[in-house]
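Each chain, written out:
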Amino acid sequence: MNILKELKKVWSNAFGNGEEKKAKDERSETLEALKGEILKAEEERKPVLPERTELPKAPEGERMERVEIDEESLRAQAGASLKGYETEKLRGIEEKAAKEREKLESEAKAREKEKEKSLEEIDKAYSQAKKNVENDALKRGIARSSIALASAAALENGRADTRTQAEREYSAALVELDRLLGEIESGRISSVADLKADMESRIADKTEQLKAAAEKSDREALKYNNSLT
């Protein structure tokens with residue numbers, strides 16, 4: 001009798017405990033599932049907050065670069081800014097002198113042509129006069145007389161004198177033209193010198209203007225930099 005009870009107890013422990021364990025595991029799984037659903041529902045009920053946005057940092061003030069005052073550099077800058085003015089003025093001086101020289105050179109050529117024409121006319125006139133004297137002497141039968149010879153000699157001397165006078169006038173005209181050319185060159189040189197002096201004055205004024213502007217910029221940079229400290 002006692003043996004039978006013990007066997008039932010053993011049987012119950014062997015097979016009954018397994019079923020209870022299985023049931024317990026199932027209950028645990030069910031509880032875990034319910035717990036998960038509850039957590040999920042709570043998460044869905046929470047308000048959705050926007051993601052936090054990192055605002056950019058305000059830029060720190062950068063120091064302004066100080067302006068270095070270099071008078072040689074400023075003078076070069078002033079000269080460069082006035083280069084166009086200088087070039088234009090110099091071109092005007094050269095063009096004016098070139099036109100005046102061209103005019104005188106044209107006049108010199110005209111004088112030379114005039115001289116050559118005068119010499120031709122002189123030769124032609126005296127040749128005709130000599131021929132007339134010779135013909136007259138033949139008609140009068142005194143072709144070889146001293147009178148005829150003297151008349152021919154006088155005509156030759158007249159021809160030579162007239163040619164010499166024409167040459168002298170031409171030479172005097174050339175001397176005057178050379179003098180005028182010299183005046184043109186002197187005027188050109190003087191104008192260039194005046195332009196140079198004018199440029200020096202303008203460059204000096206422009207340099208002072210640039211220097212004043214640079215000093216102002218430097219003061220502003222210093223004031224700004226001091227405000228950062």
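Everything below is about the structure shown above.
About the cut-offs
Residues numbered from 1 in each chain as written. Predicted model: local features only at pLDDT ≥ 70, side-chain atom pairs only at ≥ 80, totals over all residues. Heavy atoms only, no water. Helix = DSSP H or I, 4+ residues; strand = E, 2+ residues; numbered from the N terminus. Buried < 20%, exposed > 50% of the residue type's maximum accessible area, 1.4 Å probe, protein only. Areas by Shrake-Rupley, 256 points an atom, 1.4 Å probe, with all protein chains shown as cover. Polar contact = N/O pair within 3.5 Å; in protein donor to acceptor, adjacent residues only side chain to side chain. Contact = heavy atoms within 4.5 Å. Phe/Tyr/Trp six-rings, centres within 6.5 Å; stacked < 30°, edge-to-face > 60°. Lys NZ or Arg CZ within 6 Å of the ring centre and 35° of its normal.

Caption draft 1: Structural view of the overall build of the chain. A count of helices and strands for the chain gives four helices and zero strands. When the helices and strands of the chain are listed from N to C terminus, the series reads α-α-α-α. The 229 residues of the chain split such that 14% are buried. When the accessible surface of the chain is split by element, carbon and sulfur atoms take 53% of a total near 18800 Å².

Caption draft 2: View of the side chain of K115. Among the secondary structure elements, K115 is positioned in helix α3 (residues 83–140). A polar contact is formed between the side chain of K115 and the side chain of E116, at a distance of 3.4 Å. Every residue in contact with K115, bar those within four places of it in the chain, is listed here: A166, E167 and Y170.

Caption draft 3: Spotlight on the packing of aromatic side chains. All chains considered together, the criterion is met by zero aromatic pairs. Lying over the aromatic face of Y170, K115 brings its terminal NZ or CZ to 4.5 Å of the ring centre.

Caption draft 4: The environment of A212, seen in detail. By secondary structure assignment, the location of A212 is in helix α4 (residues 146–228). Assessed through its relative accessible area of 41%, A212 is described here as partly exposed. Placed 143 residues apart in sequence, A212 and I69 show a C-alpha to C-alpha distance of 9.7 Å.

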